[in-house]
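In case you want the letters, here they are:
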Amino acid sequence: MPAETLDRVFTWINEYLETREGETINLVWHGGEPLLLGASYFRAALEIQRRRCGLNSGRISHSVQTNLTLLNTDFISIFKEMGITTLGTSFEPLPGIRGMGTRMDSKAYNEMFFKGLKLLRENNFGWGFIYVVTRRALTQPLTLFHYLLNLALGKGFAFNPVLIYGEDTHQLRITPKEYMEFLGALFPAWWAHRAWWPSVEPFTHYESLIVQKRARVGCADSGRCHTSHVYIGPEGELSRCGRAADWDIVWYGTIEDRSLRDVLSEDAHNKAFAQRNQVLRDGECRGCRFWDMCHGGCPLDSFAAHGDLQHKSEWCDAKRLFIEKYFEPVTGARFEGFSATN
Amino acid sequence: MKQHILVCPFEPPLISRLQGQTLVVHVEDVLLIPRVKEQVERHNRLHCIQVISSHPLARLELTPEMKAIPIAAYVPEVGEGGEFYEKLPLLRQLGLQVYLAAIGKTNIRDARILSSLGIATALVMEGVPLDWDAMEDLLVYFAYGKSRHANIEPFNYVISNYSRTSMVDFSSVYFDNPNRYLHVEGDGRIALSAKDAQAGVFIGELDSIDAIADDPRYKERRDKAERFFLEGAGCAYCGAFRVCLGKFSAQRDANPGCEKLFAKLMEISENQKIRDGVVLWQP
């Protein structure tokens, strides 16, 4: 994103914050690989933020999702200034899935990852990682789980299924059922050791929802992501979120065309999102006891499969099956919705 | 290098150079123990005296004068029963931890006997072909035995130091964890372990001891468990890696069993409270 666009973005954000007392903004720097921008870019961004947002700067926080391979002390320094104390990352121990160059040199890649990780630890940064479950992980769930637990120690990590929009050239795609069974192979062990093992998503999340009965869900399951998330592209183009932009399926114009308040409002552009809840409650999700924690899942899954937002995610059944087949029997808890317990 | 404990031979000029440090002093002659204590405590702190002897425990010339001196006695075996039981009352009064190589069933059995008699024991596991089943039996005895008994290392160390947020390196039991111990030769050269010192591998001198923590070789050794994460298969995939750190990777294929033992140790660590009992000193 050129400096002029960055300048405009922070002006745009400040306009929003000026009219929304008490609200905060979290800027997630995501890619690709955001560290390719260089530490000086982030330094410039922070200066622009301070110049354009003034006192509202205190209501803006930053997060970074990075592969750690380019991390150095310059980044550590500027991230500290930006108030960042934890970095999000991802990791893949299995060879040939992620690596450098056309030969996918995983060893070289992972060596750089560990170098970055060491730097984080030496500078007392927190970190958490995502593990993307692909077809190659399905044959060895428990040994892979042990590896990730050993890597994480007290830090948390999250499992996400690989999401491929379009052709699956590397044969990595998994079905929702396969993902559910993968999680099911791990959950009993995690539950038995959860006092000692780190937080593992989605297990910790389900524990919070179903056992502790805390009504807090992520964007994809909230039914309200259109009021809380915005993607800003390198030219100031606007989409629903990073995934929507990656898949090139939802666009809202640019920061020149629309204010942030407009983008997050329940106007015509978001009407399809807003209507989705009612359509699903009356239709595909009617009577589902997991509605409160799911809301039909990520709307983009509906778009990918059907070309519109009015269907539940294909991952919904996997979620439900995991909870019914593994989570509830193992824990003895049962989800009855939040309205019954509020 | 105040945070490290220095392992060194009993050479008074060296010990004088190490003023203010905490020391493990190694000797072969057990009769030197009182002299070592006196010498070290003039200007240093004594962590323990490491006696490396070729004599069985029953034949070590320990004396009542050595009470309240922390002693790590490396012996090949316990020795003849009669001699041992004659010495037993004295042994129980000393601050003694007996180190036995975990070779074959005899020493493992004797470790249990020593523990049951109130004598702390450590089994030296590295570099020996291990009987994993016998070790597991010993672990179960240590962790769940109802009658009072003394510590058995490295089990006690792992259980006591087990943590949610860090790995446990029981090399400390053998004074071989560079995070905690550095080995100093008589001429002031510094090695990261006893094995390195024997092999002539040194990374610095006493005069530059404060810079050792910045030495890449030190960092590499300190972080050596990390290399397992870069291997395609192996110890980092083991559920018990965090308490073993791949110490038995070389024999894992030929003599599997480490995973079962250390998984059991992890399970016990998670469930067991720290044992009551006399803790003479901790490695």
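Side note on the interface of chain B and chain A
If you look at the interface, chain B gives 19 residues, while chain A gives 24 residues. Between chain B and chain A, the buried area comes to about 2000 Å², and carbon and sulfur atoms account for 56% of it. Counting across the interface, chain B meets chain A through three salt bridges. Notably, a salt bridge pairs Lys118 of chain A with Glu226 of chain B, separated by 3.7 Å at the nearest N-O pair. Counting residues per element, the ones that place at least two in the side of chain B that touches chain A are α9 (241-244) and α10 (258-271) of chain B. Among the residues forming the side of chain B that touches chain A, the class breakdown is eight nonpolar, five polar and six charged.

Considering the packing of aromatic side chains
Considering all chains together, one arrives at 51 aromatic pairs over all chains under this definition. With centroids separated by 4.9 Å and ring planes inclined at 5°, the aromatic side chains of Phe129 of chain A and Phe157 of chain A adopt a geometry described as stacked. Pair noted here: Phe129 of chain A is in strand β4 (residues 126-133) and Phe157 of chain A is in strand β5 (residues 157-161), with a separation of 28 residues, a long-range link. The burial state of Phe129 of chain A is the same as that of Phe157 of chain A; both residues are buried. Taking 5.6 Å as the distance between ring centres and 70° as the angle between the ring planes, the aromatic pair formed by Phe228 of chain B and Phe241 of chain B counts as edge-to-face. Note that Phe228 of chain B is positioned in the loop between α8 (216-222) and α9 and Phe241 of chain B in helix α9, a separation of 13 residues in sequence. Residue classification places Phe228 of chain B among the buried positions, given a relative accessible area of 4%. In textbook terms, an aromatic cluster arises when at least three aromatic residues are bridged by ring pairs, as seen for Tyr74, Tyr99, Trp132, Phe170, Tyr174, Phe175, Tyr181, Phe248 and Phe262 of chain B. Lying over the aromatic face of Phe273 of chain A, Arg240 of chain A brings its terminal NZ or CZ to 5.5 Å of the ring centre. Directly above the aromatic system of Phe228 of chain B lies the positively charged group of Arg227 of chain B, at a separation of 4.2 Å from the ring centroid.

So, the nonpolar core
Residue and element names in this part refer to chain A. In this structure, Leu71, Phe79, Phe145, Phe159 and Phe322 are the most contacted members of the largest nonpolar core, which totals 105 residues. Per element, the largest residue contribution to this core is eight residues, and it comes from helix α6 (residues 176-193). Here Phe322 is in contact with Met180, Leu183, Gly184, Phe187, Phe203, Tyr206 and Phe327, once residues within four sequence places are set aside.

Considerations on the pairing of strand β1 (residues 25-29) of chain A
All names here are of chain A. Side-chain alternation along β1 places Ile25, Leu27 and Trp29 on a buried face and Asn26 and Val28 on a face that remains uncovered. Here five bridges tie β1 to strand β2 (residues 60-64), and the two strands are oriented parallel to one another. Residue pairing in the sheet places Val28 in a bridge with Ser63 of β2.

Regarding the pattern of salt bridges
Pairs can form between side chains of opposite charge whenever their charged atoms are close. Applying the stated criterion across every chain, the model contains 37 salt bridges over all chains. Salt-bridge contacts for Asp110 of chain B lead to Arg109 of chain B; the nearest nitrogen and oxygen are separated by 2.8 Å. Measuring nitrogen to oxygen at the nearest pair gives 2.8 Å for the salt bridge that ties Arg189 of chain B to Asp187 of chain B. Note on Arg189 of chain B: relative accessible area 31%, which makes it partly exposed. Judged by relative accessible area, Asp187 of chain B falls into the partly exposed class, the value being 43%. Each of the salt bridges in this network shares a partner with another, and the network as a whole consists of Arg289, Lys312, Asp317, Arg320, Glu324 and Glu328 of chain A.

Focus: the sheet that holds β4 of chain A
All names here are of chain A. Strands sit in the order β3-β4-β5-β6 across an open sheet of four strands; the sheet is parallel. The open sheet terminates on both sides in strands that have one partner only, identified here as β3 (86-90) and β6 (200-201). The sheet contact formed by β4 and β5 spans five bridges and is parallel. Residue pairing for β5: Tyr131 is matched across the bridge by Phe159.

Some thoughts on the environment of Arg52 of chain A
All names here are of chain A. Of note, Arg52 is situated in helix α2 (residues 39-53). On the accessibility criterion, Arg52 (36% relative accessible area) is partly exposed. Linking Arg52 and Thr11, residues 41 residues apart in sequence, is a C-alpha distance of 5.5 Å. For Arg52, the side chain forms a polar contact with the side chain of Asp7, separated by 2.9 Å.

Regarding the packing of helix α4 (residues 104-116) of chain B against helix α5 (residues 132-144) of chain B
Helices that pack against each other are described as a pair by the angle of their axes relative to one another and the distance between those axes. Residues and elements named next belong to chain B. For the pair α4 and α5, interaxial distance at closest approach is 10 Å and the crossing angle is 10°. Classed by the angle they form, the pair α4 and α5 counts as roughly parallel. Here α4 contributes Ile108, Ala111, Arg112, Ser115 and Ser116 to the contact with α5, which in turn contributes Ala134, Met135, Asp137, Leu138 and Tyr141. When the residues that make up the contact of α4 with α5 are grouped by side-chain class, the tally is six nonpolar, two polar and two charged.

Describing helix α4 (residues 106-122) of chain A
All names here are of chain A. Relative to the 24 Å expected for 17 residues at 1.5 Å per residue, α4 spans 24 Å between its end C-alpha atoms, a close match to the ideal helical length. Turning to α4, its buried residues number three or more, namely Ser106, Tyr109, Asn110, Phe113, Phe114, Gly116, Leu117, Leu119 and Leu120. In this fold, the buried residues of α4 make contact with α3 (73-81), β3, β4 and α5 (141-152). In this structure Asp105 caps α4, since a side-chain oxygen of it lies 3.3 Å from the backbone nitrogen of Lys107. Once α4 ends, the next one or two residues include Asn124, with phi positive near 55°.

Observations regarding the pairing of β4 of chain A
Residues and elements named next belong to chain A. Note that β3 and β4 share five bridges and pair parallel. Within the sheet, the bridge partner assigned to Gly88 lies in β4 and is Gly128. A crossover connection joins β3 to the parallel β4 through α4; in handedness this β-α-β unit is right-handed. Once the chain exits β4 it traverses α5 before rejoining the sheet at β5, and the crossover so formed is right-handed.

Concerning α2 of chain A
All names here are of chain A. Counted at 1.5 Å a residue, the expected span for α2 with its 15 residues is 21 Å, and the 21 Å between its end C-alpha atoms agrees. Every buried residue of α2 is listed here: Ala39, Tyr41, Phe42, Ala45, Leu46, Ile48, Gln49 and Cys53. Lining the buried residues of α2 we find α1 (3-19), β1, β2 and α3. Directly after α2, the chain includes Gly54, whose backbone phi takes a positive value near 50°.

What counts and what doesn't
- Residues numbered from 1 in each chain as written.
- Chains lettered and ligands numbered in written order.
- Predicted model: local features only at pLDDT ≥ 70, side-chain atom pairs only at ≥ 80, totals over all residues.
- Heavy atoms only, no water.
- Contact = heavy atoms within 4.5 Å.
- Buried area = accessible area lost by both parts, 1.4 Å probe.
- Salt bridge = Lys/Arg side-chain N within 4 Å of Asp/Glu carboxyl O.
- Helix = DSSP H or I, 4+ residues; strand = E, 2+ residues; numbered from the N terminus.
- Nonpolar A, V, L, I, M, F, W, Y, C, P; charged D, E, K, R; others polar.
- Phe/Tyr/Trp six-rings, centres within 6.5 Å; stacked < 30°, edge-to-face > 60°.
- Buried < 20%, exposed > 50% of the residue type's maximum accessible area, 1.4 Å probe, protein only.
- Lys NZ or Arg CZ within 6 Å of the ring centre and 35° of its normal.
- Core = buried A, V, L, I, M, F, W, Y, C linked by side-chain atoms within 4.5 Å.
- Pairing = 2+ DSSP bridges.
- Polar contact = N/O pair within 3.5 Å; in protein donor to acceptor, adjacent residues only side chain to side chain.
- Axes fitted to C-alpha atoms, helices over the stretch in contact; angles between N-to-C directions.
- Parallel < 35°, antiparallel > 145°, perpendicular 65-115°, else oblique.
- Expected span 1.5 Å × (residues − 1).
- Right-handed = clockwise from strand over helix to strand, strands pointing away.

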